[in-house]
Amino acid sequence: MNNVARDLREMLHEQWEYRELLTQMTIRDLVVRYKQSVMGFGWAIFMPLMNTLIFSVVFTRVTTIETSTPYPVFAYTGLLFWNYFSSSLRFAANSLASNATLVQKIYFPREIFPFSAILVCLADLVVGASVLVLMMIYYRIAITPAILLLPVLLLIQTVLTAGISLLLAMANLFLRDVKYLLEMVLSLWMFATSVVYPMDQVGGNLGMVLKLNPMTPIIEGFRSVILLGKVPPVGPLAVASALAIAALGIGWVVFHRAEYKFAEFA
Amino acid sequence: MSTGSLVFDGVWKKFNRGQRFDSIRDLVPAMVSSLTRRANASGLEQKEFWALQNVSFEVKAGEALGIIGPNGAGKSTALKVLTRLLRPDRGRSVVQGRVGALVEIAAGFHPDLTGRENVFMQGAIMGMKRAEIQRKFDDIVDFAGVGEFIDTPIKRYSSGMNARLGFAVAAHLEPDVLIIDEVLSVGDLSFQEKCYERMQQFVRSGIAVVFVSHNLSAISALCDRVLVLRQGQVQTLAPTQEAITVYAGMVQEAKVAEVGRHEVNVQALDADGSPITEVRGGAPITVRVSAYPPPDGRHFYAELQVRHLESGTVIYRCQSRAVGSEPLTLSPGEGLEAAWSIRANLGRGHYGLSCAILNDRHRWVAVSAPTLLTVNERESENALVYLDATCESRVLAPHEAAVTA
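Residues numbered from 1 in each chain as written. Chains lettered and ligands numbered in written order. Predicted model: local features only at pLDDT ≥ 70, side-chain atom pairs only at ≥ 80, totals over all residues.

Any chance you could explain the overall build of chain A here in plain terms?
Scanning chain A from N- to C-terminus turns up 13 helices and 0 strands. For chain A, the N- to C-terminal ordering of α and β elements is α-α-α-α-α-α-α-α-α-α-α-α-α. Counting only C-alpha atoms, chain A reaches 55 × 45 × 35 Å along its principal axes. A burial count over chain A gives 39% of its 266 residues as buried. (Helix = DSSP H or I, 4+ residues; strand = E, 2+ residues; numbered from the N terminus. Buried ≥ 20, exposed ≤ 12 C-beta atoms within 10 Å, placed from the backbone.)

Sorry, what's going on with the overall build of chain B here?
The helix and strand inventory of chain B stands at 9 helices and 19 strands. Here chain B holds 405 residues, and 39% of them are scored as buried. In chain B, the share of contacts with a sequence separation of at least 24, taken over all contacts with a separation of at least 6, comes to 72%. (Contact = placed C-beta atoms within 7 Å.)

Is there a simple way to explain the sheet that holds strand S3 (residues 64-68) of chain B in this structure?
In any sheet, the strands associate via hydrogen bonds between backbone groups, in a parallel or an antiparallel arrangement. Residue and element names in this part refer to chain B. Taken together, 6 strands build an open sheet; the order of strands is S5-S6-S7-S3-S8-S9 and the sheet is mixed. Sheet topology places strand S5 (99-102) and strand S9 (233-239) at the edges, where each strand pairs with a single neighbour. Direction aside, neighbouring strands of the sheet carry axes that sit 15° apart on average. Pairing between strand S8 (residues 225-230) and S9: 6 bridges, direction antiparallel. (Pairing = 2+ DSSP bridges. Axes fitted to C-alpha atoms, helices over the stretch in contact; angles between N-to-C directions.)

How should I be thinking about the interface of chain B and chain A in this particular structure?
Think of interface size as the accessible area that goes away when the parts come together; that is how it is often given. At the junction of the two partners, chain B supplies 25 residues and chain A supplies 21 residues. At the level of secondary structure, the elements contributing two or more residues to the side of chain B that touches chain A comprise helix H1 (24-36) and helix H3 (115-125) of chain B. Top element by residues in the side of chain B that touches chain A is H3 of chain B. It accounts for 5 residues.

Even after reading the chapter, I still don't get the confidence of the model for chain B, so can you show me in this structure?
One rule of thumb: low pLDDT means the predicted coordinates there are not for detailed reading. All names here are of chain B. For chain B, the average pLDDT comes to 82, and 86% of its residues sit at 70 or higher. Summarising per-element confidence for chain B, the mean pLDDT is lowest in H1 (61) and highest in strand S12 (residues 284-291) (92). Scoring of the predicted complex yields 0.77 for pTM and 0.81 for ipTM. (pLDDT = per-residue confidence, 0-100.)

What exactly am I supposed to notice about the environment of Asn-118 of chain B here?
All names here are of chain B. Structurally, Asn-118 is set in helix H3. Measuring from C-alpha to C-alpha, the distance between Asn-118 and Lys-47 comes to 40 Å, with 71 residues separating the pair along the chain. When sequence neighbours within four positions are dropped, the list of residues in contact with Asn-118 reads Phe-109, His-110, Leu-113, Ile-154 and Leu-165.

Any chance you could explain the pairing of S3 of chain B here in plain terms?
When a strand is regular, its side chains alternate between the sheet's two faces. Residues and elements named next belong to chain B. With 5 of 5 residues buried, S3 is to be regarded as a mostly interior element. Neither face of S3 is exposed, since Ala-64, Gly-66 and Ile-68 on one face and Leu-65 and Ile-67 on the opposite face are all buried. Note that S3 and strand S7 (residues 208-212) share 4 bridges and pair parallel. Looking across to S7, one finds that Leu-65 is bridged to Val-210.

Could you clarify how one ought to interpret the sheet that holds strand S1 (residues 5-16) of chain B in this entry?
Residue and element names in this part refer to chain B. Read from one edge to the other, the open sheet built from 3 strands follows the order S2-S1-S4, with strand pairing classed as antiparallel. Of all strands in the sheet, those bounded by a partner on one side alone are strand S2 (48-59) and strand S4 (90-96). The mean angle between the axes of side-by-side strands here comes to 25°, regardless of whether they run parallel or antiparallel. Sheet topology places S1 next to S4; 6 bridges connect them, and they run antiparallel. Residue pairing for S4: Leu-6 is matched across the bridge by Val-95.

I would appreciate a short explanation of the packing of H3 of chain B against helix H5 (residues 159-171) of chain B in the present structure.
Any two packed helices are characterised by how steeply their axes cross, that is the angle between the axes, and by the distance between the axes. All names here are of chain B. Running from N to C, H3 and H5 point in directions that differ by 45°, and their axes come no closer than 10 Å. Judged on the interaxial angle alone, H5 and H3 are oblique. For H3 against H5, the interelement crossing comes out right-handed. Mapping the contact onto sequence places Gly-115, Asn-118, Val-119, Gln-122 and Gly-123 in H3 and Leu-165, Gly-166 and Val-169 in H5. Considered class by class, the residues forming the contact of H3 with H5 number 3 nonpolar, 5 polar and no charged. (Parallel < 35°, antiparallel > 145°, perpendicular 65-115°, else oblique. Left-handed = near helix turned anticlockwise from the far one by under 90°. Nonpolar A, V, L, I, M, F, W, Y, C, P; charged D, E, K, R; others polar.)

What is the right way to read the nonpolar core from this model?
Note on soluble globular proteins: their nonpolar side chains tend to be buried together. Counting residues in hydrophobic clusters, the biggest one holds 170 residues, and the most contacted among them are Leu-168 and Ala-169 of chain A together with Ile-179, Ile-180, Val-209, Val-210 and Phe-211 of chain B. Of the residues forming this core, the biggest block, 14 residues, is contributed by helix H4 (residues 71-93) of chain A. Counting residues domain by domain, this core receives three or more from each of domain 1 (5-32 + 41-239) and domain 2 (261-376) of chain B. If we ignore the near neighbours within four places in the chain, the residues touching Ala-169 of chain A are Ala-92, Ala-93, Ser-95, Leu-96, Phe-113 and Pro-114 of chain A. (Core = buried A, V, L, I, M, F, W, Y, C linked by C-beta atoms within 7 Å. Domains from an automatic or database assignment.)

Just to check I follow, could you spell out H4 of chain A for this structure?
Owing to its 3.6 residues per turn, the α-helix brings residues three or four apart onto one side. End to end, H4 of chain A covers 32 Å across 23 residues, agreeing with the expected 33 Å (1.5 Å per residue, within 8%). Judged by how many residues are buried, H4 of chain A sits mostly within the fold: 20 of 23 residues are covered. (Expected span 1.5 Å × (residues − 1).)

How should I be thinking about the domain arrangement of chain B in this particular structure?
Domain boundaries assigned for chain B yield domain 1 (5-32 + 41-239) and domain 2 (261-376). A C-alpha centroid distance of 39 Å is found between domain 1 of chain B and domain 2 of chain B.

Would you mind going over unusual backbone geometry with me for this structure?
Working note: non-glycine residues mostly have negative phi, and peptide bonds are mostly trans. Residue and element names in this part refer to chain B. At Asn-54, a position not held by glycine, the phi torsion is positive, near 50°. Among the secondary structure elements, Asn-54 is positioned in strand S2. Even without being a glycine, Gln-231 presents a positive backbone phi close to 45°. On the secondary structure map, Gln-231 appears in the loop between S8 and S9.

Spelled out as structure tokens, the structure:
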């Protein structure tokens, strides 16, 4: 236990020491992406918007489902925050492997790579949120003081993402198959989460399993505070938070302890 | 005075020579076989080898240690352990103070970013604070000499500009411990000189420095002590001149093994005819070669070669027939002896004397291993040759020079 405490102190101290590198690395990735693609940040809007369009056709024309708010804004909110989660994991999983030269040649805390990958996706989220605001104006959805809980939800999601990201980045460095495996897991996971349809109707054993998925209460939480203006139920969110903290704690300590092997494997 | 220091205490590091397993397809069989395999007595599994074996040294503030050795001796591994990139399998490496590493000075550069953006990125990677980079920014650009290109994406830079910018960032670190890996080879001559000067400033500023290089003259100018590595082991750890002599000896041995022919015997002799390995610059010496060449031809002559070991350059070559000694006709079983009289007009340093025997068709039929000759005590320490000049000076009357010009 003492070892873990010492590791934690060391990890946090290092992150603090190198905090400017984290900013710098995030800026680098943003600037590079902006310079390399014609659409730049446009992709951050285009992707969830495209998906919203597809699912809107499916769930309003092909078949209909009941949602608390107009379907497009329901789906866009889900996709926006799910995208933050899934693209963070994708980007972070590859972050060590794609920066192999740096990993091999210069020492600094390697957590910087997955962390900056998440921050880049957070910037995308902010850009994508502008469309959500426009949609809310269009559908005349008013915000209430419940919106103040948004940062808390964002924190829970980011902590969860960070924990999984650290494990994925490390795993993908040791075994390059991980990123393909991740794609499979992500598409499964998305359909097991209330991204484009509500999950509360699923009962039975499957329903029990699905309740363990921390992403459902998080995404439902976002809808609740943004679209419904209501405080989300605390129980499932508390479970999700506990899972998120556990993921980050375990992910980070494992990452930190394996870190010295990275230069040999990159 | 800085407080940086570093200690390498009985460091062992092993590597795997074989294939790495980085996909699931390879991993499963590897795991199965690792269950059935045991490490042998040396602590190594199959295909593993020690890149460093029990290496120890210590560098205090104000000291500069050089590390030299042939390729594969473990120099880079030692640096990677020092910079915390690798963790030793046994022993420990303790570095105190802020570490600056002149290793891969452009590793953080991204081709799509401008010079300016990359300076901030690389600075942050090397552990500088943004405000610090901001403060030194103009100096960095100045040092790199990239001037108006600073806002151009560096993919448009020449490789020289790229390296210069990288070194410029590194040169503005304020470390307590500096680790340098063979970076002098960037840029043109004048930039190399600038790097070299900067490194000397670092050494003089009283920090702890470790310098890995193949450039023996840079090593002897910068370092107080030198560690010679060979196959991962410490061959010697001694004051610079002594260590370089050991290293030169190693190089010589390696040459013998490589050529595999030692029928040719080369000796340097002083004015009295006694063999020497050291000479004062400018002194007369005799280089004597004796050989029993294989019966591949009838006429034979010798060629002398003097190589400056620090730089690896052949600085002098002389065939016996070019200085008035005709090729000799040898019957089978007969040998040849030749003696060159030379004035050792050489700068301080280490030289390899070697001889080849050539036949009628001007082919080499036998080669000697180089014999080491150390030249010391010369006024012009950093130059290669001593041109034996004389000089007179006088006072110029006002405007006199302008008239003659």
